[in-house]
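Residue strings, one per chain:
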Amino acid sequence: MNHGQQSGEAKQEDDAALTEFLASLMDYTPTIPDDLVEHYLAKSGFQCPDVRLIRLVAVATQKFVADVASDALHHCKARPAPVVKDKKQQKDKRLILTMEDLSKALCEYGVNVKHPEYFADSPSTGIDPATREE
């Protein structure tokens, strides 16, 4: 077999896999509704009647959001925990995702986020000032 035949067979396999994947998108219901994806695609000037392409964009968007959320969680866990003296608050080990965590995660994907200074970035925001220790 020569090189031309090998690359032709690989191309046919790739085409078959792509066709199968696109067909599977017809049976898949993504987390992000088709209407929402169509709205934002239309808003950016893109019109496509093919539902498979709309769902492909939805799946890619879902993957992006999941990756950013996962990275933001890693940033949140890497942040030093605030010192808590109250035993009741010591038992509460919930993580608080801040805008700083999200901004760091998005920055890794080339998205720079600037937020107004009035955003609540402190885990103690919203806690009664009498019980807050900063």
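Note that the coordinates shown come from a computational prediction; the quantities given were computed from them, not determined experimentally.

*Asks:* Residues and numbers for the overall build of the protein, please.
*Replies:* Check the secondary structure of the protein and you find five helices and zero strands. Its helices and strands taken in sequence order, the protein reads α-α-α-α-α from the N to the C terminus. In the protein, which comprises 134 residues, the share counted as buried stands at 15%. Sequence-distant contacts in the protein: of pairs separated by 6 or more residues, those separated by 24 or more amount to 56%. Approximately 10,700 Å² of the protein is accessible, and the part contributed by carbon and sulfur atoms is 57%.

*Asks:* Can you lay out the confidence of the model for the protein for me, pointing to particular residues and giving the numbers?
*Replies:* Counting all residues, the mean pLDDT for the protein is 81, and 72% of those residues have values of 70 or more. Summarising per-element confidence for the protein, the mean pLDDT is lowest in helix 4 (residues 87–91) (62) and highest in helix 2 (residues 34–43) (95).

*Asks:* Explain the environment of aspartate 71 to me, and be specific about the residues and the numbers.
*Replies:* Along the polypeptide, aspartate 71 turns up in helix 3 (residues 51–78). When its relative accessible area of 18% is taken as the criterion, aspartate 71 is described as buried. With 33 residues separating them along the chain, aspartate 71 and lysine 104 place their C-alpha atoms 8.4 Å apart. Leaving out residues up to four positions away in the same chain, aspartate 71 has contacts with Ala105, Glu108 and Tyr109.

*Asks:* A description of a nonpolar patch on the surface should follow, citing residues and the corresponding values.
*Replies:* Judged by side-chain polarity, Phe64, Val65, Tyr109 and Val111 come together as a nonpolar surface patch covering roughly 320 Å² of accessible area. Within the secondary structure layout, tyrosine 109 lies in the segment after helix 5 (99–107).

About the thresholds
- Residues numbered from 1 in each chain as written.
- Predicted model: local features only at pLDDT ≥ 70, side-chain atom pairs only at ≥ 80, totals over all residues.
- Heavy atoms only, no water.
- Helix = DSSP H or I, 4+ residues; strand = E, 2+ residues; numbered from the N terminus.
- Buried < 20%, exposed > 50% of the residue type's maximum accessible area, 1.4 Å probe, protein only.
- Contact = heavy atoms within 4.5 Å.
- Areas by Shrake-Rupley, 256 points an atom, 1.4 Å probe, with all protein chains shown as cover.
- pLDDT = per-residue confidence, 0-100.
- Patch = residues over 30% accessible without salt bridge, like charges linked within 9 Å, V, L, I, M, F, W, Y side chains within 5 Å.
- Salt bridge = Lys/Arg side-chain N within 4 Å of Asp/Glu carboxyl O.

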